[in-house]
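Letter by letter, the chains look like this.
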Amino acid sequence: MIYLKQINPNTRILQRTEDIRSMQISMPWQIPIAIIRLILLLAIDTAMLYKSWMIADQIGTESSGSHITRMIVPLLAITIGTLAASGFYGTDDKLNQFAKLFKALTLAQAVILIAAFFYQPGVWWVSRLVFTTAWLLNFLFIGLARLLFDLLNIHLCKYFPIFKQSIVLIGHPEDIEKVQKLLGRSPQFRIDSIVDLSTSYVNTPLEQIIPLLRARKVTEVFICSQQMIDNQIIFFWNLKAAGIHIRMVPTDLQFPQQSAETKMIQEVPTLRFKSLPIFGVNFWFKRLFDMIVSAILLLVLLPVLIVIAIAIKKTSPGSIFYKQNRVGLKGQRFKIWKFRTMVENANELQKELEAQNEVKGGVLFKIKADPRITKVGRFLRKYSLDELPQLINVLQGKMSLVGPRPLAIRDYELSIQADEQVTHDKFLRYEVLPGVTGLWQVKGRASIDSEQIFYWDMVYILQWSLVLDFKILLETVNVVLSREGSY
């Protein structure tokens, strides 16, 4: 990361704006990646559509046969065209917007239905069962495929910086620092350089840095201090003409971390935030998802649970399970189930080890070389197998598969003391069911401090969706198998 050098304000540079008729306005350095991405998405969607129609045909077609094979090309063309018209092959960051995807595929099915009517009026060229099954399978297959594509893209950006978007931050140092902290939590962007408006460009037109941005192959500019930019319309016009995207970051206002949509009031753009997601019907959808998945997991993992129970009983005196009071929904206490990984008097020994706590902030208590952990317990913790009995808590309705981790009484009391000195917004984590896993576990697990833990809890609560739950469960499996941050 560098600070762009100041241009001599006495040097007159003829500003050259791209002709709007030019085909060179787009970003030439991004074209190969954009084309590859587009081809991959088209290939994925086409394959998923073809597979879903073929499966639907096998399920709902009688032995006399159908016209699916003969009609597959127009079926694919209509659906892909509808997805393209709905923006699913654009530059949007989100590839797996399930609500938008469902609407687009529903529209595609409606277009297919109308086209079929005009092609053969009064005759169903496929059965209603085939049509309905294909509709549902289209949504399921494409949604899951794009979710996996999104996860792959995140991992590529995380481990291969070449896939990250190169950006420049423009603004006051204090605002830039806020945005840097925000971007530090996302693997998507790489900060190439910074333009400090407080010193370097007081007397220099910002338009003069555009050739430098193009030379450095910057893809996007983040405006961190909009009020400090003179002639904004001209500057933004020249950026867009140079093929550089613009993103406004409102650092002065404390917006909630929720999805927002831009709404126009006459000619004034405003941001409207959606209502909190985990309420009413959404809560019961989440609860139904938890019950079904946890019941299946308990049945599938029953042999593993029995082997673990025998190993604990044979190698260490004491009970198989460890039950501890935790703080759950609305601050209510409940007993969490875990396989015992420590000696029987572990709670009494904790007071002697408080000084060795390795979690910054002290709210949570964790030690890597904890002497209280047994040999079997260390193995169970390494792969998070000790957490499996919490599936019982999920069935009981005390926990969810995904949510903020329930704090022990000691940790809860310390967090209350910290909140009384700083802020009370952390209490929102007790307005939802605690989870077996959560967003902070997949973002850093044991390697992040208590402030970051509460931050990711808030992000999860305000951004919740079943898609996010599913994504966190998949990433949890990856984190556990790679043993990232395990104690």
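What counts, and where the lines are drawn
- Residues numbered from 1 in each chain as written.
- Predicted model: local features only at pLDDT ≥ 70, side-chain atom pairs only at ≥ 80, totals over all residues.
- Heavy atoms only, no water.
- Helix = DSSP H or I, 4+ residues; strand = E, 2+ residues; numbered from the N terminus.
- Buried < 20%, exposed > 50% of the residue type's maximum accessible area, 1.4 Å probe, protein only.
- Polar contact = N/O pair within 3.5 Å; in protein donor to acceptor, adjacent residues only side chain to side chain.
- Salt bridge = Lys/Arg side-chain N within 4 Å of Asp/Glu carboxyl O.
- pLDDT = per-residue confidence, 0-100.
- Contact = heavy atoms within 4.5 Å.
- Pairing = 2+ DSSP bridges.
- Core = buried A, V, L, I, M, F, W, Y, C linked by side-chain atoms within 4.5 Å.
- Axes fitted to C-alpha atoms, helices over the stretch in contact; angles between N-to-C directions.
- Parallel < 35°, antiparallel > 145°, perpendicular 65-115°, else oblique.
- Left-handed = near helix turned anticlockwise from the far one by under 90°.
- Nonpolar A, V, L, I, M, F, W, Y, C, P; charged D, E, K, R; others polar.

Q: Sorry if this is basic, but what is going on with the side chain of Gln324 here?
A: By secondary structure assignment, the location of Gln324 is in strand S8 (residues 321–327). Taking relative accessible area as the criterion, Gln324 reaches 18% and is therefore assigned buried. A distance of 2.6 Å separates a polar atom in the side chain of Gln324 from a polar atom in the side chain of Arg326.

Q: So what exactly am I meant to see when it comes to the pattern of salt bridges here?
A: Note that side chains of opposite charge can pair when their charged atoms are close. Under the defined criterion, the tally for this structure stands at 11 salt bridges. Its salt-bridge partner being Arg146, residue Asp45 comes within 2.8 Å of it at the nearest N-O pair. Of this pair, Asp45 sits in helix H1 (residues 31–60) while Arg146 is found in helix H4 (residues 128–159), placing the two residues 101 residues apart along the sequence. Just as Asp45 is buried, Arg146 falls in that class too. The partner of Asp469 in a salt bridge is Lys286, and the shortest N-O contact between them spans 2.7 Å. In this pair, Asp469 sits in helix H16 (residues 466–482) while Lys286 sits in helix H8 (residues 280–300), placing the two residues 183 residues apart along the sequence. Take Asp469: its relative accessible area is 0%, and that puts it in the buried class.

Q: Explanation requested: the confidence of the model for the protein chain in the structure shown.
A: Any residue range with low pLDDT should be treated as having predicted coordinates unsuitable for detailed reading. In the predicted model, the protein chain carries a mean pLDDT of 77, and 73% of its residues have values of at least 70. Within the model, the stretch residues 5–17 combines pLDDT values under 50 with 17 contacts to residues more than four positions away or in other chains.

Q: Please clarify how the sheet that holds S8 should be interpreted in this entry.
A: Strand order in the open sheet formed by 3 strands is S9-S8-S11, with antiparallel pairing between adjacent strands. Both edges of this open sheet fall to strand S9 (333–339) and strand S11 (407–408), since each of them pairs with a single strand only. Note: S8 against S11, 2 bridges, orientation antiparallel. Looking at the pairing, Arg326 lines up with Ala408 of S11.

Q: In this structure, what is going on with unusual backbone geometry? I would like to understand it.
A: Glycine aside, residues mostly have negative phi, and peptide bonds are mostly found in the trans state. Even without glycine at this site, Lys330 takes up a positive phi of about 60°. Looking at Lys330, the relative accessible area reads 55%, which means it is exposed. Of note, Ser384 is a non-glycine position whose phi angle comes to about 55°, a positive value. Note that Ser384 resides in the loop between helix H11 (375–382) and helix H12 (390–396). When its relative accessible area of 17% is taken as the criterion, Ser384 is described as buried.

Q: Mind showing me how you'd approach the nonpolar core here?
A: The tendency in soluble globular proteins is for nonpolar side chains to be buried as a group. Phe339, Leu439, Tyr460 and Ile472 are the most contacted members of the largest nonpolar core, which totals 32 residues. Elements with a minimum of two residues in this core: helix H9 (302–315), S9, H11, H12, strand S10 (400–402), helix H14 (439–443), helix H15 (450–463) and H16. For this core, the leading source of residues is H15, giving 6 residues. In this structure, Leu41, Met54, Ile68 and Ile72 belong to the second largest nonpolar core, which totals 22 residues.

Q: I would appreciate a short explanation of the packing of H4 against H16 in the present structure.
A: In a packed pair of helices, the relevant descriptors are the angle between the two axes and the axis-to-axis distance. Running from amino to carboxyl end, H4 crosses H16 at an angle of 50°, the nearest separation of the two axes being 11 Å. Here H16 runs oblique to H4, going by the angle between their axes. The chirality of how H4 crosses H16 is right-handed. Residue-level contacts link Leu144, Leu147, Leu148, Asp150, Leu151 and His155 of H4 to Val467, Phe470, Lys471, Leu474, Glu475 and Asn478 of H16. Looking at the contact of H4 with H16 residue by residue, the class counts come to 7 nonpolar, 2 polar and 3 charged.

Q: Can you walk me through the environment of Lys338 in this structure?
A: Topologically, Lys338 is positioned in strand S9. If we ignore the near neighbours within four places in the chain, the residues touching Lys338 are Ile320, Phe321, Tyr322, Arg326, Asp386, Glu387, Pro389 and Gln390.

Q: Help me understand the side chain of Gln390, please; the structure alone is not making it clear to me.
A: Here Gln390 is to be found in helix H12. The class of Gln390 is buried, set by a relative accessible area of 0%. Once residues lying within four places of it in the same chain are set aside, the contact partners of Gln390 are Ile336, Trp337, Lys338, Met399, Arg405 and Val436.

Q: I'm lost on the pairing of strand S3 (residues 189–196) in this one. Help?
A: Note on strand geometry: in a regular strand, side chains alternate between the two faces of the sheet. Counting buried residues in S3 gives 7 out of 8 residues, a clear majority hidden from the surface. For strand S2 (residues 165–171) and S3, the ladder comprises 7 bridges, and the chain directions are parallel. By the bridge assignment, Leu169 is partnered in S3 with Ile194.

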